[in-house]
Structures are given as structure tokens and as C-alpha cells.
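# Breakdown of the fold
Listed below, chain by chain, are the residues.
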Protein chains: 2
Amino acid sequence: MAEFALIERIRARCVDARDDVRLGIGDDGAILAPRAGCELVVSTDTLVAGVHFPQATAAADIGWKALAVNLSDLAAMGAEPAWATLALTLPDDVPGFVDGFIDGFAALAARHGVALVGGDTTRGPLNIGVTVVGFVPEGQALRRDRAQVGDAVFVTGTLGDAAAGMQSLGLGPRDVPRLLALSAGTCEALLDRLNRPTPRIAAGLALRGLAHACIDVSDGLLADLGHIAARSGVGIEVMADTLPTSAALGVALDVAARLPLQLAGGDDYELAFTLPRERIDALHAAFASVPCAVHEIGRVVVAPGVRVLDHEDHEVAVPRHGWEHFA
Amino acid sequence: MAEFALIERIRARCVDARDDVRLGIGDDGAILAPRAGCELVVSTDTLVAGVHFPQATAAADIGWKALAVNLSDLAAMGAEPAWATLALTLPDDVPGFVDGFIDGFAALAARHGVALVGGDTTRGPLNIGVTVVGFVPEGQALRRDRAQVGDAVFVTGTLGDAAAGMQSLGLGPRDVPRLLALSAGTCEALLDRLNRPTPRIAAGLALRGLAHACIDVSDGLLADLGHIAARSGVGIEVMADTLPTSAALGVALDVAARLPLQLAGGDDYELAFTLPRERIDALHAAFASVPCAVHEIGRVVVAPGVRVLDHEDHEVAVPRHGWEHFA
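Position numbers for residues start from 1 in each chain and track the written sequence from start to end. The order in which chains are written sets their letters, starting at A; the order in which ligands are written sets their numbers, starting at 1. Local features in this predicted model are restricted to residues whose pLDDT is 70 or higher, and side-chain atom pairs enter the listing and the counts only when it is 80 or higher, whereas totals over whole chains, interfaces and linings include all residues. Calculated side-chain values reflect all of the structure's heavy atoms, with hydrogen atoms and water omitted.

### Overview of the relation of the copies chain B and chain A
Which entries qualify depends on this criterion: Alignment of the copies relies on least squares applied to C-alpha atoms, considering only residues that score at least 70 for pLDDT in both. The contact criterion used throughout is that any non-hydrogen atoms of two residues lie within 4.5 Å.
Each copy superposes on the other: chain B lies on chain A with an RMSD of 0.0 Å after a rotation of 180° and an axial shift of 0.0 Å. Both chain copies can therefore be described as sitting about a two-fold axis. Taken as a fraction of all interface residues of chain B, those also at the interface in chain A reach 100%, which identifies the copy contact as same-surface.

The following block contains the structure:
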């Protein structure tokens, strides 16, 4: 497949509907108009088969996820998505892949008004690189390094579904058994979270001016809270029995079995954030119009590191590694 | 090699020296301040071993070239480079690669004041994705689609060196013999053009307000002029005996042998552009302070397509394919 034919097919599927795209795909670069009074947030993430998604994942799900994990980074910064570029390296033997891929990519792009403004296609082992650009009013971006001792820690949505979805496929850490005897509906709900994560854009926008620090949960809750703690020079305590759980996960696994997935499974693409306790009422008011819940799960403390506590404030030992790769 | 250790090493080597980088590597995204009155030019290019550089290429040369081919796209749009992101997929077995890679990448970034503002590292077959962002005053970007009948066609620098460098390695099209009996100095000069291309940033800036259409010569002169012709709805005639030739290439190959390389070899990363004849004096005046020459090589005509003519205006048949891959 020639590079130009492929780019033309992608271009035909992703209309540059935005006024701020002066020139889209088809030249040496795109010409874009930034928004007055705004800073840009730029993020880039690569997806590799067997690492970021199971080898058997449908092309449309891969396309969706490639954009979703990048938009999730913009959400974590409180940015409004605007533009994306796509660098697609494809082996010879993937007929039909591009159409499916672009179906998924374009569906999510349309949902968030993102224009695909640049692309490059190359022959080689499958590799998907996406770079996204969003806007945030000057000085209002959410960061990892501003958590303060005394802050409450919250998370959007629910945790652990994607890891359980992986487990239902027989993937994940070697010592974790395959989930059996789940209903088709439960499996589907878990796999949907794995394959079609929801970037929490509206939540990120609502958190501007409220959150002290914010991150998206991609590596796993403890690892990602660890980034906030390290960059902010604080510690974080997580209350094990407060972790929000979906109906599907509640059916699939009991509390003890699901806790490691919720703490370390990753791939949730929820937002974890800290804010001063006096803003909690304002948080709930702001989230009245955001299509995901928020739950308080912990607190920011002086002692460095991230600890998990049970309901009697005793530390719980949790496996923190093992979900790093799908392969 | 853990992702975070690698990102930290890259970050330590590429200081965010620019005032417009509000927050660099280390969060979910970079926070960047666009320049008032300017549009952004965004371009993305992926490099794969054996396709975009010979397998045996030194890591530092790969790092240089990965940024150079992207900056060359900005040059072709008349943009001033500002920021870059790097998505690096690496196999396990490349000790020392990152240090060398970043040496080359950082050397070129420093030369053009480019800040590395985002990165992602992934394990898998070697794949290098770079996205660059530059500034151009509103409405002044150079494009492919504005060539006009009657324009003169020019090219910067010299053509064919990189293809001859490849040929000296025994690579390139199968029916092309390896160049033998070249002096070490000649070989080195040719390979330097292959491995360390010079993005023509200053030339691109000088061409704002002068050129009607511009492109960088990556796929080969004829292929790239073909893009200008197709997008502008015109044709282009190239005068075979006007193609600028380096001293090294003049020594390595006679006229007949080097012509296919200069027309179709690619990887030159020179700028090819068109402008009205009445601006030719202004062009030479503007290039007095640009560190590369410009040569007139053809004209824009009505009849579509790109043709090569000899000194009697007879069409010359030229192989137009064959240099597409190094592998």
C-alpha cells in the first residue's frame, strides 16, 4: 500500500471541521491557529501490539484506544482537545486494518471535536504514534506537582474493569487465573473498558481551578498517585474500602480478588486528583453536569510514598507490579 | 530499561531552554505558550530501520536524522522551529543506543533552538516518531498548492549526494552497482549528506513572501515536484543540465550516472520552490545571508505532470522509482 494512497484514505475519513485548521493533511505540515489567551498542552503516546493492547484486539478498538489514551493525558491537564497527528507503521499483511482503525479513531475524534491534521505512514512492525494538542486558559493547566498536605484524594468513575477484562482473556500477570463463569454481559462490560476507554475530558475541564494536582490512571492507581506524590514532595494514603467499583466488576470478583486490579491493574484512564477539603462541595457542584461520578479515596500526607490502609488504618500489602505488559 | 529512567535520561540531555515552555517533560503533557500573531505549523515523521536509514547507521546519526527530516518539513513551510516530541520504541537489545541517539538529536535541536517537550518510550521493534511544531506569521506559510504557470523553479544546495552515499554502501536499487574506488574523503562527504541532512530552515524563512510554492526534497526531486504540480494544478519542466551537483558527487559519478540519483534518489532535504520570474533578483538578494546556494532548474507550465528536458528541450527518460526503500 503506497503511503499516499493510505494518507488519502485517512484524510477522506477525518474531515478538518475546525475553523482553526488553516491547512490539514496533504502538505509538509499542517497550519493551525492557536486560541488567543490560551496555552497549548501537547502530549504523545505510542501503542505497540502485545504491550498496550492484546494482539487479537479489533482494529477499530485499537484506533479508538490510540486516540483515547492521548486525550486522557489532555484531560489530566484540564485541556480542551483540538488537533491530533497520527504516525502509523504497518506491516504488509494487514488488509482492512486501516479502515477499521480509522473507524474507531474517527468515532472518538468526532465525539471530542478533534481534527486529524497530520499523518505519516510507514512500513514495518505495527506501531501507532499519536500526538494531541489541546487548549487551556493561561496558567490554568492541571499538573502533577501541586498536591498539598491535607488535600483530599479523589478519582473519577470506577477502577479495575480494564484489568479484569484482560484477566477474562487469560492475560495479565501469570499467577492470576482466568475469570470463568462470567455472563456474556459482564465480560462485554469489562472488555469494553479495556478496549474503548473513555477519556475524562469534561471532568478535566471541571477540575480547572478546583484540583491542586491531577493525573490519569494509566499505569495503575498506586503508580500514578506515586507520580503525584513524588513530584509534589508529599505522600498519599489510599483507603482500600473506598475504591469505586463497577457493577460488572462487583459481579466478577470479590473484594479481596479485585483489590489488586483496582490498585495496580492500570488502563483505567480515570482521573485521580487532589484538592483542598474546603473545595469538596464545589467539586460535587461542578460534577453535577459531568457524566461521571467522583469518589473520595484518600488523603495527602507528609510522609513520602503511597500507602494503602484498611478501615482500621492498618497498612495493606498490595502487589504493585505484574500488569505492566499484556504480552 | 524502565520507561521513567529512560525519559529522565532524555530529559537531562535536552534542557527546556525556551521561555515559551511553561512545563516540559515529566507531566501528562507539556504546557506551551504560542507566539502572538503567529500560526503553528505541525509536522510528524516516523523513521524505521532499513527503510529510512541503513540498518548499520550510528545511533547519533539516527537521532540527528529523526529530527532533521521533521525540521525539513517546517523549513518547507517557512516556519521557525520551536518544539519537538519524541516517541521512541526500542527493542531490549540496544545498550548505549539512547545515549548516542540523544547526542545526535540534541546537537541538531540546539542548533535550531528546539526544545524537546514531550516523550514516550515503549518496548518493541525500533521505531522513532518525531512531531515538531514551529511558528509562522499569520497567512505567510509556504505551501505546495500555490505554484503558477510562468514561475521559475529553484532548488537549494545540491542534489543526489545522499543517494550516492547509499550506493557507496552497496544499497539502493538492485540494478545499481556499488561505487568503488572513491577516496575516503569523497565517501565521507556523500555519507554525511545521507546520515546528517541539513534542514534548510534559514532558506525557508527567507522564502516567505517570495516563493509561490515550496516542498522539501525527501522522496526525490521529480516525485516532490510532482506533488507541487498536482496540488497546484500545473506542470513542471526540469532542465537536466542545470541540476546543482556537489564536488563530491561530481568526482564520484559522471553526468549520465548521477542524473537518476539527482532526479529520483531522494533524501536530499533541499527545498524545491517556485516563484515569479520578477522576484528572482529579490531571491538572490535574500539568499545573500542564507548559508546555502539556490539554482534555477526549471519552469512551471500548463501541461500537467513533471518532465525532464535536455539542453535542446527534448524529453529525457528517467527511472522514477527504485529508491523507495533502503532495505
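### Focus on the environment of B:A303
Residues and elements named next belong to chain B. As a reminder of what qualifies: Counting from the N terminus, the helices are the DSSP runs of H or I reaching at least four residues and the strands are the DSSP runs of E reaching at least two. Only protein chains enter the accessibility calculation, which uses a 1.4 Å probe. A residue is then buried if its area is under 20% of the maximum for its type, exposed if over 50%, and partly exposed in between.
Mapping A303 onto the fold places it in the loop between β11 (294-301) and β12 (305-309). Note on A303: relative accessible area 39%, which makes it partly exposed. Separated by 70 residues in sequence, A303 and G233 place their C-alpha atoms 9.1 Å apart. If we ignore the near neighbours within four places in the chain, the residues touching A303 are V234 and G235.

### A word on the nonpolar core
Stated formally: In this text, buried Ala, Val, Leu, Ile, Met, Phe, Trp, Tyr and Cys residues form a nonpolar core when linked through side-chain atoms within 4.5 Å.
Counting 62 residues, the largest nonpolar core has B:L86, B:F101, B:I128 and B:F273 as the members making the most contacts within it. Examining the composition of this core, we find that 11 residues originate from one element, helix α2 (residues 59-76) of chain B, more than from any other. In terms of nonpolar packing, the next biggest core, distinct from the first, is built from 61 residues, A:A109, A:V132, A:L271 and B:I31 among them.

### Remarks on the interface of chain B and chain A
Put simply, the rule is: Here the quantity called buried area is the accessible surface, traced with a 1.4 Å probe, that two parts lose on coming together, added over both. Salt bridge criterion: a side-chain nitrogen from Lys or Arg within 4 Å of a carboxyl oxygen from Asp or Glu. Pairs of N or O atoms are called polar contacts if they sit within 3.5 Å, as long as, within protein, a hydrogen donor faces a hydrogen acceptor (for residues adjacent in sequence, only side-chain-to-side-chain pairs). Strands were regarded as paired on the criterion that DSSP finds at least two bridges between them.
In this complex, chain B contributes 49 residues to the contact, which on the side of chain A involves 49 residues. Overall, the association of chain B and chain A removes approximately 4200 Å² of surface from exposure, summing both partners, and the carbon and sulfur fraction of that is 54%. Taken together, chain B and chain A are joined by six salt bridges. Taken together, chain B and chain A are joined by 19 residue pairs in polar contact (both at pLDDT 80 or more). Counting residues per element, the side of chain B that touches chain A draws most heavily on strand β3 (residues 38-47) of chain B, at nine residues. When strand β3 (residues 38-47) of chain A meets strand β2 (residues 30-32) of chain B, the two strands line up antiparallel, connected through three bridges. Bridge pairing links A:L40 to B:L32 in β2(B).

### Focus: the sheet that holds strand β10 (residues 271-275) of chain A
Residues and elements named next belong to chain A. Keep this limit in mind: All axes are obtained by fitting lines to C-alpha atoms, using only the stretch in contact for helices, and the reported angles, taken between N-to-C directions, cover 0 to 180 degrees.
With mixed pairing, the six strands of this open sheet are ordered in space as β8-β10-β7-β11-β9-β12. The sheet is open, and its two edges are formed by β8 (213-216) and β12 (305-309), each paired on a single side. Each strand axis lies, on average, 25° off the axis of its neighbour in the sheet, ignoring direction. Bridge analysis of β8 against β10 gives four bridges, and the strand direction is antiparallel. Looking at β10, one finds that A213 is bridged to T274.

### Some thoughts on the packing of helix α4 (residues 161-168) of chain A against helix α5 (residues 184-195) of chain A
For any two helices packed against each other, one specifies the crossing angle of their axes together with the interaxial distance. Residues and elements named next belong to chain A. Basically, it comes down to this: For a crossing to be left-handed, the near helix must be turned anticlockwise from the far one by less than a right angle; the clockwise case is right-handed. Throughout, the ten residues Ala, Val, Leu, Ile, Met, Phe, Trp, Tyr, Cys and Pro are labelled nonpolar, Asp, Glu, Lys and Arg are labelled charged, and all others, Gly among them, are labelled polar.
Running from amino to carboxyl end, α4 crosses α5 at an angle of 115°, the nearest separation of the two axes being 7 Å. Considering the relative orientation of α4 and α5, their crossing is left-handed. For the pair α4 and α5, the contacting residues are D161, A162, A164, G165, M166 and S168 in the first and C187, L190, L191, R193 and L194 in the second. Across the contact of α4 with α5, the residue classes tally to seven nonpolar, two polar and two charged.

### Let's talk about the confidence of the model for chain A
We count it as follows: The quantity called pLDDT is the predictor's confidence in a given residue, expressed from 0 to 100.
With 92% of its residues at a pLDDT of at least 70, chain A reaches an overall mean of 90. On the interface metric, ipTM, the complex scores 0.91, and its pTM is 0.92.

### Details of the sheet that holds β12(B)
All names here are of chain B. Reading across from one edge, β8-β10-β7-β11-β9-β12 is the order of the six strands in this open sheet, with mixed pairing throughout. Edge positions in the sheet fall to β8 (213-216) and β12, since each of these pairs with one other strand and no more. Ignoring which end each strand starts from, the neighbouring axes of this sheet average 25° apart. Note that strand β9 (residues 235-239) and β11 share four bridges and pair antiparallel. Considered in β11, the bridge of I236 is made with V300.

### Structural notes on the side chain of B:D224
Here B:D224 shows up in helix α7 (residues 221-232). When sequence neighbours within four positions are dropped, the list of residues in contact with B:D224 reads B:I215, B:D216, B:V217, B:S218 and B:D219.

### Digging into the packing of aromatic side chains
Note the cut-off: Only Phe, Tyr and Trp rings are paired, with Trp represented by its six-membered ring, and only when their centres lie within 6.5 Å; those with planes under 30 degrees apart are stacked, over 60 edge-to-face, the remainder tilted.
Within the structure shown, the criterion is met by eight aromatic pairs over all chains. Taken together, a centroid distance of 5.3 Å and an interplanar angle of 85° make the contact between A:W83 and A:F135 edge-to-face. Here the residue A:W83 occupies a position in strand β4 (residues 80-90), and A:F135 occupies one in strand β6 (residues 127-137), the gap between them amounting to 52 residues. Relative to B:F105, the ring of B:F101 lies with its centre 6.0 Å away and its plane at 25°, an arrangement referred to as stacked. Of this pair, B:F101 and B:F105 both sit in helix α3 (residues 97-111), separated by four residues, roughly a single helical turn. Residue B:F101 is classed as buried on the basis of its relative accessible area of 0%. An aromatic cluster of at least three residues, connected via ring pairs, comprises A:F97, A:F101 and A:F105.

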